[in-house]
Amino acid sequence: MLGAGQAGLVAAYRLTKLGHEADVYERWPGLGGQAATIDIGDGYLVERYYHHLFTSDRDMADLCAEIGVELETWPSSVSIFRNGELHPFTTPLDLLRFKPMSLLGRIRMGVGALYLQKFANDVTPYEPMTIRHWVEKVMGKQAWEHVWGPLLYGKFRDQADDISMSWLWAKLRNRRQVTGEEAKEERLVYPKGSFESIFVRLRDLIEQQGGRVMIDRPAKEVSRDADGKFWVTPAGPDSFRRGHDPRNFEAAGEPERYDAVIAALPSDIFEQLLSPELAAEVGEDYLGRTRSIEYFAALCLLCVMDRQFHPFYWTNVADTDLGFIGLIEHTNLVPPEHYGGRHILYVANYLPRDHELLGLSMDELIEYYEPGLRKVNPEFHRSWIQQSWMFREPAGQPVVLPNYRERMPAYQTGVPGLMLANTTQVYPDDRGTNYAVREAEEVVATLLREQGLTAPPVRERFGVPLAA
Ligand SMILES: Cc1cc2nc3c(=O)[nH]c(=O)nc-3n(C[C@H](O)[C@H](O)[C@H](O)COP(=O)(O)OP(=O)(O)OC[C@H]3O[C@@H](n4cnc5c(N)ncnc54)[C@H](O)[C@@H]3O)c2cc1C
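Residues numbered from 1 in each chain as written. Predicted model: local features only at pLDDT ≥ 70, side-chain atom pairs only at ≥ 80, totals over all residues.

Helix and strand counts for the protein come out as 13 helices and 19 strands. Taken over the C-alpha trace, the protein has a radius of gyration of 22 Å; the compact-globule value for 468 residues is 23 Å, and the two agree within 12%. With the principal axes as the frame, the protein shows a C-alpha extent of 70 × 50 × 40 Å. Counting the 468 residues in the protein, one finds 46% classified as buried. Taking contacts inside the protein between residues at least 6 apart in sequence as the whole, the part at least 24 apart equals 71%. (Helix = DSSP H or I, 4+ residues; strand = E, 2+ residues; numbered from the N terminus. Rg over C-alpha atoms; globule rule 2.2 N^0.38 Å. Buried ≥ 20, exposed ≤ 12 C-beta atoms within 10 Å, placed from the backbone. Contact = placed C-beta atoms within 7 Å.)

This paragraph deals with the site of the ligand. Around the ligand, the surrounding shell holds 38 residues, and the nearest of these are G3, G5, A7, G33 and Q34. Class assignment of the residues belonging to the shell around the ligand gives a composition of 20 nonpolar, 14 polar and 4 charged. For the shell around the ligand, the two domains that each supply at least three residues are domain 1 (6-51 + 195-294 + 402-450) and domain 3 (296-398). (Near = placed C-beta within 6 Å. Nonpolar A, V, L, I, M, F, W, Y, C, P; charged D, E, K, R; others polar. Domains from an automatic or database assignment.)

Here the protein is described as being made up of domain 1 (6-51 + 195-294 + 402-450), domain 2 (91-184) and domain 3 (296-398). Distance from the C-alpha centre of domain 1 to the C-alpha centre of domain 3: 29 Å. Of the residues lining the interface, 15 residues belong to domain 1; the matching set on domain 3 comes to 20 residues. Taken together, the residues of the side of domain 1 that touches domain 3 break down into 8 nonpolar, 4 polar and 3 charged.

The next point concerns the sheet that holds strand β10 (residues 219-224). Strand order in the open sheet formed by 3 strands is β10-β11-β12, and the pairing between neighbours is antiparallel. The sheet is open, and its two edges are formed by β10 and β12 (256-258), each paired on a single side. On average, each strand axis in the sheet is tilted by 25° relative to the strand beside it, whichever way the strands run. As defined by bridge partners, strand β11 (residues 230-234) adjoins β12 across 3 bridges and the pair is classed as antiparallel. Residue pairing across strands places V232 opposite E256, the latter belonging to β12. (Pairing = 2+ DSSP bridges. Axes fitted to C-alpha atoms, helices over the stretch in contact; angles between N-to-C directions.)

Attention now moves to the packing of helix α1 (residues 6-17) against helix α9 (residues 196-208). At a closest axis distance of 9 Å, the pairing of α1 and α9 adopts a crossing angle of 30°. Classified by the angle between their axes, α1 and α9 sit roughly parallel to one another. Relative to α9, α1 is oriented so that their crossing is left-handed. Contact residues: α1 offers L9, V10, A12, Y13 and T16, while α9 offers F199, L202, R203, L205 and I206. Split by residue class, the contact of α1 with α9 holds 8 nonpolar, 1 polar and 1 charged. (Parallel < 35°, antiparallel > 145°, perpendicular 65-115°, else oblique. Left-handed = near helix turned anticlockwise from the far one by under 90°.)

Before going further, it helps to examine helix α13 (residues 433-450). With 18 residues, α13 should cover 26 Å at 1.5 Å per step; its first-to-last C-alpha distance of 25 Å lies within 8% of that length. With 15 of 18 residues buried, α13 lies mostly within the body of the structure. With its phi angle positive at about 75°, G452 sits one or two positions after the end of α13. (Expected span 1.5 Å × (residues − 1).)

Quick look at the environment of L360 now. With respect to the secondary-structure elements, L360 resides in the loop between β17 (343-351) and α12 (362-376). Taking the C-beta count within 10 Å as the criterion, L360 has 15 such neighbours and is therefore assigned partly exposed. Along the primary structure L360 and L420 are separated by 60 residues, whereas in three dimensions their C-alpha atoms are 32 Å apart. If we skip the residues at most four places from it in the chain, L360 touches L365 and Y368.

Here the focus is the nonpolar core. By size, the foremost hydrophobic cluster in this structure holds 124 residues, and its most contacted members are A11, I262, A263 and A421. Ranked by residue count, the leading element in this core is strand β14 (residues 295-305), at 10 residues. Residue contacts for I262: discarding those within four places in its chain leaves M1, A11, M419, A421, V443 and L447. (Core = buried A, V, L, I, M, F, W, Y, C linked by C-beta atoms within 7 Å.)

With that settled, the discussion passes to helix α2 (residues 58-67). Two residues of an α-helix separated by three or four positions point the same way, owing to the 3.6 residues in each turn. Among the residues of α2, D59, M60, L63 and C64 are the ones counted as buried. Relative to the axis of α2, the buried residues are bounded by an arc of 130° and lie together on one face. The exposed residues of α2 that point more than 90 degrees off its buried face are A65 and E66. One or two steps after α2, the chain reaches G68, where phi turns positive at roughly 80°. (Arc of directions from axis to C-beta.)

Another point: the packing of helix α5 (residues 131-139) against helix α6 (residues 141-156). Packing of α5 against α6 leaves a shortest axis separation of 8 Å and a crossing angle of 150°. When the interaxial angle is binned, α5 and α6 end up roughly antiparallel. Seen from above, α5 lies across α6 with right-handed handedness. Of the residues in α6, those in contact with I131, R132, V135, E136 and M139 of α5 are K141, A143, W144, W148 and L152.

Right, here's the structure in full:
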């Protein structure tokens, strides 16, 4: 297994539970990948990038129940920052009060969202069209101008107009029901003790079941013998300081031999890991698919503050001049008492990988964000920030363009025993730990079936069999 993120750990857990041997190689000196945590002081852990679960995240809920990790549910609050003001946006009633749009425009947007939730059971008709096209046609031009346009611009910049409607379909359908109890109050889910509880428990179970989880031990190269077995060449500790490209790592230790390899890491790293011979076996058709899906980088500033910054858990910034696209005040979801009284604020951005903001130092970034933060809370002063960290994830968000499914790489790479499972393959859902759990179960089942071994049943996606 390459990668000890949510997907890699679940896949190794499933394989070892079924009696197979599994080793997990991980580049970072910690578990959890994009959902990994840091200690913000006194042993309090929070994710480097803001994380929560939805009440609809069944795969994650089932996994946590199975492995004995407690999930807690908290009332959430959402707002949109538009025209220089914070507008509550948690319930359908909030939408009706959203001043930047006319009353008719608000009603039309609400009806559009309801229609999608209630009647649009099949994603297929939405796959070839863009969000812009659908929103302007069904929800109206105001909904695009004041809500979806700016939000998508924040997430996808110049590609905002081109994002597939299947992306919004999945977000609006799967994540939140605007009917029943949740219409009055949105509730979100968070693992007791942070996402680290899930990763540590999975690691312990993998090890109890005979597997190995090796952090700070990346793979440098994967090659294949004439007899079809794989060799994984490990790299030394601290390789992460050399960046993400494994070709820049130094080999350390003897290559190890495996019957199969699951690469649970981003597509570009997968290609960089392949020996030239193995890359040729995988072939241009498959690698072309992986290359055709662009990732946007996530840039996240994590601030520990001495006071509350604003009253919402989640604020979508729809005024593009603020310089960031979201504010996630974690301690407005899980209260500060759980962190020794600390207040935790994330300032979020998604950017093309070559964007200049990704080159700023943390101090420069705070300075750049300061005027925008003061627009949201004019009282804000930099001295409120007691500690801060900056994180950059190059594979933060796959860009979902129309007819994505036609280009999505399969788990099977075409080389028997070599599988790829990452955030580009959870479509039509958007990336998320819940889908990484489902994907891990699917890729394990696919691998076992391909090898002629007994595989557990998994839920179907698109009604298509998993293994060829
Ligand atoms: C800003 C942000 C916010 C998010 N918010 C949420 C949220 O609120 N809720 C939610 O459910 N999801 C959220 N997600 C998405 C979620 O974190 C991911 O979908 C999920 O963690 C992906 O898991 P993965 O295992 O597929 O990939 P990753 O987490 O990317 O794991 C890949 C692993 O491979 C490792 N690796 C890389 N190179 C090598 C190598 N050469 N050898 C060995 N290992 C290597 C990496 O270090 C990493 O640990 C968020 C993501 C981001 C970026």
